[in-house]
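Remarks on the overall topology
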Amino acid sequence: MYHLSSRGLYIRISGFGFRAFTLIEMLVVIAIIGLLAAMLLPTFGRIKESGRATSCLSNLHQMGTALQLYVQENNNRLPNMRDKSLTVTNDLPSPDMVLSNHLGNVNVLRCPSDREQLFEQTGSSYSWNSLLNGEDADHLSALGMRFDPHQIPLMFDKEAFHKLRGNDKGVNFLYADGHIKNLLAIQGTVQSP
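Residues numbered from 1 in each chain as written. Predicted model: local features only at pLDDT ≥ 70, side-chain atom pairs only at ≥ 80, totals over all residues. Heavy atoms only, no water.

1. Things to note about the pattern of salt bridges
Using the criterion set out here, one finds three salt bridges in the structure. Ionic pairing is found between Arg82 and Asp91, a salt bridge with its closest N-O pair at 2.6 Å. Exposure remark for Arg82: the relative accessible area of 29% places this residue in the partly exposed category. The shortest N-O distance in the salt bridge between Glu120 and Arg110 comes to 2.6 Å. One end of the pair, Glu120, is in helix H3 (residues 118-122); the other, Arg110, is in the loop between helix H2 (95-103) and H3, and ten residues separate them in sequence. We classify Glu120 as partly exposed; its relative accessible area is 44%. Its relative accessible area of 32% is what places Arg110 among the partly exposed residues. (Salt bridge = Lys/Arg side-chain N within 4 Å of Asp/Glu carboxyl O. Buried < 20%, exposed > 50% of the residue type's maximum accessible area, 1.4 Å probe, protein only. Helix = DSSP H or I, 4+ residues; strand = E, 2+ residues; numbered from the N terminus.)

2. Some points on the packing of helix H1 (residues 23-73) against H2
Describing two packed helices takes the angle between their axes plus the distance from one axis to the other. It is at 9 Å that the axes of H1 and H2 come closest, and there the two elements cross at 95°. What the angle tells us is that H1 and H2 run roughly perpendicular. Taking contact as the criterion, the partners of Gln62, Met63, Ala66, Leu67, Leu69, Tyr70 and Glu73 in H1 are, on H2, Val98, Leu99, His102 and Leu103. Split into classes, the residues belonging to the contact of H1 with H2 amount to eight nonpolar, two polar and one charged. (Axes fitted to C-alpha atoms, helices over the stretch in contact; angles between N-to-C directions. Parallel < 35°, antiparallel > 145°, perpendicular 65-115°, else oblique. Contact = heavy atoms within 4.5 Å. Nonpolar A, V, L, I, M, F, W, Y, C, P; charged D, E, K, R; others polar.)

3. A closer look at the sheet that holds strand S9 (residues 180-181)
Strand order across the open sheet formed by four strands is S4-S7-S8-S9, with antiparallel pairing between neighbours. Two strands bound the open sheet, and with one partner strand each, they are strand S4 (126-128) and S9. (Pairing = 2+ DSSP bridges.)

4. What about the packing of aromatic side chains?
Applying the stated criterion across every chain, the model contains two aromatic pairs. Judged by centre distance (5.9 Å) and plane angle (40°), the ring pair of Phe156 and Phe173 falls under tilted. Here Phe156 is found in strand S7 (residues 153-157), whereas its partner Phe173 is found in strand S8 (residues 173-175), with 17 residues between them in sequence. Judged by its relative accessible area of 9%, Phe173 falls in the buried class. Consider the rings of Phe173 and Tyr175, whose centres lie 6.5 Å apart with planes at 50°: the pair is tilted. (Phe/Tyr/Trp six-rings, centres within 6.5 Å; stacked < 30°, edge-to-face > 60°.)

See the structure below:
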């Protein structure tokens, strides 16, 4: 039970009578609660972004499966496609057009952290590594250099959508062998011809 008077708020604690809370005490408690909330909000933002990044990794995994299906149907060759540009006309179809039959739902090409509306503008939140157009999936080469499939990315985030997780974890990558990382790890992976 409580009682409010001009001196403050009184709360009856059973068996002890009334205990008064002054306005200053109440403001201090409210300020402490506000500070705790302010300290926790960035943590909640990072946790929410971690969930989005996990969903993004799942999307990339599904794209990897779609690309494997495409390769199996096309004599072990990767597709010839190019990211849709906002300024020039593409001479090749975009990933959303080429992979739509293998994805089932083109919303897989939307990163949940895509706040720039790149999906709406270009049909995909992910970029295709067009250096690998038409390459044999087992013998990949780009710019005259051979790469192992586990060492070269096929698709990756168009922007550092996940930079809240840290600068080195801002972009997710789908590698040619189907594995996914949020780090670009090409260093020391080029094979001599």
